[in-house]
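Summary of structural features
In case you want the letters, here they are:
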Amino acid sequence: MTHQAETSTPDNSEFERLNFVERIVADDLGAGRVEQVHTRFPPEPNGFLHIGHAKAICVDFGIAESIGGVCNLRFDDTNPGKESVEYVEAIKDDIRWLGFDWGDRLFFASDWFEDLYGFGEELVQKGLAYVCDLSAEETREYRGTVTEVGKNSPYRERPPEENLGLLRRMRAGEFEDGACTLKAKIDMASPNMNMRDPVLYRILRTHHHRTGNDWCIYPMYDFTHGQCDALEQITHSLCSLEFENHRLLYDWFTTNLSVPMVPHQYEFARLKLTYTVVSKRKLVELVESGLRVKPYPCGGLAHTAIDSALLLREELGPVEAIDSIGVEVTDRTMDRIVFGVNGKHEAIDLKGMVDSESVQIFNAILDRSQSLEQFIGLLRAAEPAPVALV
């Protein structure tokens, strides 16, 4: 796939053809709010990418490239127990297959661990964070529910000097795993549960694939995300709609911290496909279970629950089907059967061209399944089997 960069802002007719994210970017450039668009794709290296990630890659890299900007690849490696170099390399391969390259802009959240820790100390010194001794179960209880407000931790009013000493002792490894956490001091009655004193750091003695055993405390994703964007000078933080409720917290951090610049988060619709698992965690379970797609005779397209980018490369082939999905404000669900391309890279209707018996068996199993484990078990027992074992 060929990507061509345009450095000029679009005229009125071109502007009307842009999706809503492209319009925001073009407007920012035209108004002089930014000199160059700088985006990022920030995957967690804890699984293989699926088709939803492929869409996000096309948005993050594609928008920047089309308008003369740049896009970072940043791995959010803040949960070392579930991450590996294998996933890092697989994600790199998938991005290259989609036709994009990050050049010299490869980052890891772990590159910024010292800076992030400094931000933690800054919040403590400002009285905006505290060390809490509640257990994980107690923290969930104190947080409340969507219909009930939370309640303040009994450790919430510790003075900044005490909290700073405790945080430094956390970093020095003086406490056991789970003994305490660093929390932001925001509002336990907020209707947005992300604002109810979220955890910023937890104690976790786990070997990290890049930093080894240098750290025994690790920042949470929400605390890492916005600050890394700011440190990397990201102008447009593009993400899918499930992070919309996190934007208030994202802005709270960048407002209250001495960050070098203040990025803004914009959300676009997630890609959903019928009869398709769009979950990295569930894909890992499916891959590890030994289940594998049985290709159908319609140009290699497989009607399956397993749609990792690797399988798309092997069985769908052309990239244009992903790149042309579109960017929307609200979520939508696409029909899995009609998602495909032929050798000429033109969209075609695949209804009636697949192995209808296998599709019926597969869909019936999916409808009957109450859990991923049950789904895998029923697939294994199906006769004839709609998938193959590897």
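Figured I'd write up the structure that's included with this text. (Residues numbered from 1 in each chain as written. Predicted model: local features only at pLDDT ≥ 70, side-chain atom pairs only at ≥ 80, totals over all residues. Heavy atoms only, no water.)

**Observations regarding the environment of Phe 253**
Spelled out, the test is: Strands are runs of DSSP state E lasting at least 2 residues, helices are runs of H or I lasting at least 4, and numbering of each runs from the N terminus. Under the scheme applied here, a residue whose accessible area is under 20% of the maximum for its type counts as buried, over 50% as exposed, and between as partly exposed, the area being computed with a 1.4 Å probe on protein chains only.
With respect to the helices, strands and loops of the structure, Phe 253 is situated in helix H9 (residues 247–256). On the accessibility criterion, Phe 253 (0% relative accessible area) is buried. Once the C-alpha coordinates of Phe 253 and His 225 are considered, the two residues, 28 residues apart in sequence, prove to be 9.9 Å apart.

**Points about unusual backbone geometry**
Backbone phi values are negative for most residues with the exception of glycine, while trans is the configuration of most peptide bonds. At Asp 197, a residue that is not glycine, the phi angle is positive and equals roughly 40 degrees. Mapped onto the fold, Asp 197 is located in the loop between strand S5 (181–184) and strand S6 (199–203). The class of Asp 197 is buried, set by a relative accessible area of 4%.

**Quick word on the side chain of Gln 227**
Mapped onto the secondary structure, Gln 227 falls in helix H8 (residues 221–231). Judged by relative accessible area, Gln 227 falls into the buried class, the value being 0%.

**Some points on the sheet that holds strand S2 (residues 70–75)**
Picture the strands of a sheet paired through backbone hydrogen bonds; they go either parallel or antiparallel. Basically, it comes down to this: At least two bridges found by DSSP between two strands is the condition for calling them paired. What counts as an axis is a line fitted to C-alpha atoms, over the stretch in contact for a helix, and the angles between N-to-C directions run from 0 to 180 degrees. Contact definition: two residues touch when any of their heavy atoms are within 4.5 Å.
The three strands lie next to each other as S1-S2-S3, forming an open sheet whose pairing is parallel. Looking at the sheet topology across the chains shown, the edges are occupied by strand S1 (38–41) and strand S3 (106–108). Averaged over all neighbouring strand pairs, the angle between strand axes comes to 35 degrees, with direction disregarded. Pairing geometry for S2 and S3, over three bridges, is parallel. The residue bridging Leu 73 from the neighbouring strand is Leu 106, located in S3. Contacts from helix H4 (residues 85–97) reach S1, S2 and S3 within the one sheet, and its direction differs from that of S2 by about 160 degrees.

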